[in-house]
Amino acid sequence: MRTAATAAILVAIWAAASRVAQSPLFPGPLDVARSLAAALVAGTLARAVVTSALRLVVGYAIALATGVPLGLVLARSDATKRAIGPLLLGLSSVPSICWLPLAIVWFGLSEAAIQVVIVLGAALPVTLATESAVRQLPPTIERAARTMGARGPTLLFRVLLPAAMPGIVTGAKMGWTFALRSLMAGELLFVSGGLGQLLETGRDLADTALVLGIVAVIIVLSRVSERLLFGPLERVIARRWGTAMP
Amino acid sequence: MHAATKEWPAGEAAPDVRPVEAAASRVRMAGEHSRNPRPIAALDGVSLTLGEPGVTILENVSFSVAPGEALCLVGPSGGGKSTILNLLAGLLAPTTGSVLWEGAPVTGPARDRAVVFQDAALFPWLSLEQNIAFPLELAGVAKAERRERTEELLRLVHLLKFRGSFPHELSGGMRQRGAIARALATKPRMVLFDEPFAALDGQMRELLQNEVERIVRATGTTMVFVTHQIDEAVRLGDRVLLIGARPGRVLGDVPIDLPRPRRTGDPGVVRLVGSIAAEIRAEVEKVAREEADGAWGNANSRDGGDTRRHLGGGI
């Protein structure tokens, strides 16, 4: 409610400012809405959203499927940690878009190239969060489980993984944001459908209203998807652990 | 401490176990206080060194536990009492010497030796009921029987009304009672208590001491109870072992022949607590003097003990 009120005030200020500026480079909210409506009618917006969303879901699924197991291995095996821990930390400091040139050389201008960028961007935060969540568990959790006869896969999947769930969900959420950023960077550079390309089109045509409209769409999609994906998980965690998620 | 600790690899035999015969005969000599000639559990000449450079946590510790006995371990904090408990549980392996369970070397944790931890260690993602049912599920107990046994245990610790609550919704005392119920779920032959009431207030502690006494008597379970509170040890134990610090070793073995039920204020309890306290005080002062003589000892043991400072060093 309060957010809606703030948003309304900001839109009003924006409308007033654009009227004062009287420049095509500074579109007002109505121009943006018109431009978005046109893209919607032409079907370009829907196509772009579907293309981007599919890429995001596929890349993110691969990132989770590799990131969580890798984090578990790093947390449980000191040898693995010593062998590849420094490498992973180094890699995580490289923005994943830096891999796009190499990915294009290897895979051409294909879906695979953009997936490489998404997976590299999203998997590392998931891996590191999973590792630290498992390592920071109170040692008595594992000890208690072992005295009950839990070991091997039972210990890992029935005790350590659920115990680390709050930390893993935080990491997964971060991974989702990283996946979205990597996707947009990839689509801006490597034109092939998607919301990123629509942004490029806006720039080519100096259609600032379209550019602003797409940014608004990205904001809405990212917020809504985060709510839908992580909201239920966070409620379960808050109920069981009694903690509010960061 | 965690990384440097030598733990039993799950499901594998201990690397260097001494012949059972020789160890068992020495245990029998050491366990002269026990009423039963055949101990259920024993430590025989156990030493434990942790970390690099090695810090000696335990030095030549030997004692035995008779079946059905309530043995309490008391001593100053950081004296290796909990380490002894972890050895008995099979969560740690000794550097030298052997830990015996029914005459055979302990090679890892087992369901007949349950542990109640100081922080309860209930699983936060499971309800109280699910927590108590968890060890039964791991033991392969059928669902119907699991439900029946869980209900029986909830009733035993007076928590039936809170079966659906998650651990964070329970008070500290309730969590400990839940942990006791969980430990008893698979009907272990011995329950190991690691300062379970240290974080509770006096009244709650007294209440839970009564419950532990009642439950342990009712089930005929052998119990080893670690505490730094002498009155708690005298109140609960058939026998009290005094554990010295740095390195941990057995300083004394006191049989408690006072009638039950005991209260913390009983004259007999008070007298025994006084004499044990005097003995421990002498030991603590001796350690303090030694530390004051050589600043080396203090600095060195801190260096070895605090591995937290090296966290992330390998990154």
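The rules behind these values
Each chain has its residues counted from 1, running along the sequence as written. Here every chain gets a letter starting at A, and every ligand a number starting at 1, in the order they are written. Totals for whole chains, interfaces and linings use every residue, but because this is a predicted model, local features are given only for residues with pLDDT of at least 70 and side-chain atom pairs only at 80 or more, for both listing and counting. Put simply, DSSP H or I for four residues or longer makes a helix, DSSP E for two residues or longer makes a strand, and each gets a number counted from the N terminus. Counting other C-beta atoms within 10 Å of a residue's C-beta gives its exposure: the residue is buried at 20 or more, exposed at 12 or fewer, and partly exposed in between, where C-beta atoms are placed from the backbone. Contact between two residues is assigned whenever their backbone-derived C-beta positions fall within 7 Å. Here, any two strands with at least 2 DSSP bridges between them count as paired. For helices, the fitted line uses only the C-alpha atoms of the stretch in contact; every axis is such a line through C-alpha atoms, and the angle between N-to-C directions lies from 0 to 180 degrees. Put simply, a crossing is left-handed when the front helix is turned counterclockwise from the back one by less than a right angle, and right-handed when it is turned clockwise. Ten residue types, Ala, Val, Leu, Ile, Met, Phe, Trp, Tyr, Cys and Pro, are classed as nonpolar, four, Asp, Glu, Lys and Arg, as charged, and the remainder, Gly among them, as polar. The nonpolar core is taken to be a set of buried Ala, Val, Leu, Ile, Met, Phe, Trp, Tyr and Cys residues joined by way of C-beta atoms within 7 Å. The start and end points of each domain follow an automatic or database-based domain assignment.

**Focus on the overall build of chain B**
Step number 1: The number of helices and strands found in chain B is nine helices and 10 strands.
Step number 2: Put simply, chain B has 315 residues, and 43% of those count as buried.

**Looking at the overall build of chain A**
Step number 1: On a plain count of helices and strands, chain A comes out with 11 helices and zero strands.
Step number 2: In terms of its C-alpha atoms, chain A occupies a principal-axis envelope of roughly 75 × 50 × 30 Å.
Step number 3: Buried residues in chain A amount to 37% of all 246 residues.
Step number 4: For chain A, restricting intrachain contacts to residue pairs at least 6 apart in sequence, the fraction spanning at least 24 positions comes to 71%.

**A look at the sheet that holds strand S1 (residues 41-50) of chain B**
Residues and elements named next belong to chain B.
Step number 1: In space, the four strands of this open sheet follow the order S2-S1-S4-S5, with antiparallel pairing throughout. The sheet is open, and its two edges are formed by strand S2 (55-65) and strand S5 (104-105), each paired on a single side.
Step number 2: The sheet contact formed by strand S4 (residues 96-101) and S5 spans two bridges and is antiparallel. Looking at S5, one finds that Leu 100 is bridged to Pro 105.
Step number 3: Contacting S1, S2 and S4, helix H2 (residues 81-89) crosses the sheet at an angle of about 120° to S1.

**Some remarks on the pairing of strand S3 (residues 70-74) of chain B**
All names here are of chain B.
Step number 1: Counted residue by residue, S3 has five buried out of five residues, so it is predominantly covered.
Step number 2: On S3, burial covers both faces: Ala 70, Cys 72 and Val 74 on one face and Leu 71 and Leu 73 on the other are all buried.
Step number 3: Direction of pairing for S3 relative to strand S9 (residues 239-244): parallel, over a ladder of four bridges. When the bridges of S9 are listed, Val 74 appears paired with Leu 242.

**Brief notes about unusual backbone geometry**
Step number 1: For the bond from Arg 260 of chain B to Pro 261 of chain B, the omega torsion is 0°, close enough to zero to count as cis.
Step number 2: Tracing the chain through its elements places Pro 261 of chain B in the loop between strand S10 (249-255) and helix H8 (267-293).
Step number 3: Despite not being glycine, Gln 22 of chain A shows a phi value in the positive range, around 55°.
Step number 4: Mapped onto the secondary structure, Gln 22 of chain A falls in the loop between helix H1 (2-21) and helix H2 (29-42).
Step number 5: Of note, Ala 121 of chain B is a non-glycine position whose phi angle comes to about 55°, a positive value.
Step number 6: Mapped onto the elements, Ala 121 of chain B comes out in the loop between strand S6 (113-116) and helix H3 (128-138).

**Section: the sheet that holds S6 of chain B**
Residue and element names in this part refer to chain B.
Step number 1: Read from one edge to the other, the open sheet built from six strands follows the order S6-S7-S8-S3-S9-S10, with strand pairing classed as mixed. Strand pairing shows two members of the sheet lacking a second neighbour, S6 and S10, which therefore form its edges. Direction aside, neighbouring strands of the sheet carry axes that sit 20° apart on average.
Step number 2: Here six bridges tie S9 to S10, and the two strands are oriented antiparallel to one another. Residue Arg 239 lies in a different strand from S10, and its bridge partner there is Pro 255.
Step number 3: Here helix H5 (residues 172-184) sits on the sheet in contact with S6 and strand S7 (190-194), set at roughly 175° to S6.

**Some words on the packing of helix H5 (residues 100-107) of chain A against helix H6 (residues 111-135) of chain A**
All names here are of chain A.
Step number 1: Contact geometry for H5 and H6: axes closest at 8 Å, N-to-C directions at 150°. In this structure, H5 meets H6 at a crossing whose hand is right-handed. On the side of H5, the interface is formed by Leu 100, Ala 103, Ile 104 and Phe 107, while H6 contributes Ala 112, Ala 113, Val 116 and Val 117.
Step number 2: A breakdown of the residues in the contact of H5 with H6 according to their chemical character gives eight nonpolar, no polar and no charged.

**Description of the nonpolar core**
Step number 1: Formed by 140 residues in total, the largest nonpolar core has its most connected members in Ile 118 and Ala 179 of chain A together with Leu 192 and Val 224 of chain B.
Step number 2: Here this core spans two domains, since at least three of its residues come from each of domain 1 (1-105 + 197-307) and domain 2 (113-187) of chain B.

**Some words on the domain arrangement of chain B**
Residue and element names in this part refer to chain B.
Step number 1: Taken as a whole, chain B is organised into domain 1 (1-105 + 197-307) and domain 2 (113-187).
Step number 2: Opposite the 13 residues of domain 1 that make contact, domain 2 presents 11 residues.
Step number 3: Within the residue set of the side of domain 1 that touches domain 2, elements represented by two or more residues are H2 and helix H6 (202-219).
Step number 4: At six residues, H6 tops the list of elements feeding residues into the side of domain 1 that touches domain 2.

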